[in-house]
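# Residue-level structure breakdown
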Amino acid sequence: MIDIENNTKKEVRIKIKGVHKNINSDIPSISSSFKNVDCQESIENIVETECKGLYQKIGRQIYIKYVEEIETQVVSNNLLKIDNNIDEIKIEIIKKGIVNSKMTFIEKVKTESIYNTPYGKINMVIDTKSINIKTKQNMIFISIEYDLSMEKEHMSMSKIDIIIEPL
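Conventions used here
- Residues numbered from 1 in each chain as written.
- Predicted model: local features only at pLDDT ≥ 70, side-chain atom pairs only at ≥ 80, totals over all residues.
- Heavy atoms only, no water.
- Helix = DSSP H or I, 4+ residues; strand = E, 2+ residues; numbered from the N terminus.
- Buried < 20%, exposed > 50% of the residue type's maximum accessible area, 1.4 Å probe, protein only.
- Contact = heavy atoms within 4.5 Å.
- Areas by Shrake-Rupley, 256 points an atom, 1.4 Å probe, with all protein chains shown as cover.
- Pairing = 2+ DSSP bridges.

## Remarks on the overall build of the protein chain
A count of helical and extended segments in the protein chain gives zero helices and eleven strands. Start at the N end of the protein chain and walk to the C end: the helices and strands fall as β-β-β-β-β-β-β-β-β-β-β. Each of the 167 residues in the protein chain was classed as buried or not, and the buried ones make up 41%. Considering only contacts within the protein chain whose residues lie at least 6 apart along the sequence, 42% involve residues at least 24 apart. For the protein chain, the computed accessible surface area is about 10,000 Å², with 46% contributed by carbon and sulfur atoms.

## Regarding the pairing of strand S9 (residues 120–136)
Judged from the eight bridges that link them, strand S8 (residues 110–117) and S9 form a sheet pairing that is antiparallel. The residue of S9 that forms the bridge with Lys110 is Asp127. Taking the residues between adjacent antiparallel strands as the criterion, S8 and S9 are bridged by two residues. Pairing analysis gives twelve bridges linking S9 to strand S10 (residues 139–150), with the strands arranged antiparallel. From the neighbouring strand, Lys136 faces S10, where its bridge partner is Met139. Linking S9 to S10, which pair antiparallel, is a turn of two residues; within it Gln137 sits at a positive phi near 45°.

Such coordinate-based values are descriptive only and should not be taken to indicate function.
What follows is the structure, encoded as structure tokens:
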């Protein structure tokens, strides 16, 4: 983990890459910041972002607050919460802005969430397949693989890679 004392804050850089492989290519992307890549029978949507954040460790939990600029210049305030319990790892990504959501990832567990947009609410189910967390030279590497369903319809096989490093 990043070398700081408990309950102190440190500036970090957070890099996030999300890949969503839509099973049904007729379904549009969730975010306008995705770039579409044609696949054989599906569309692969990729989103990448890099921003500065504030890292804080409290006990076994790590909190990273960061601000993300979306293509339309709207700012989203985000919180990445890593709860590294002995029995299970739980990761939450909370976004507040023009779109509000709380995505919860627990390995081999389905979690429900609501994706609030200016156009209405969308019910989501996240079926987390795997979570891997590695630390190396004061950096944290997180990889999450999951299936995403919206309104009870399977939408995509997805993967998020997160790198957190001190500034």
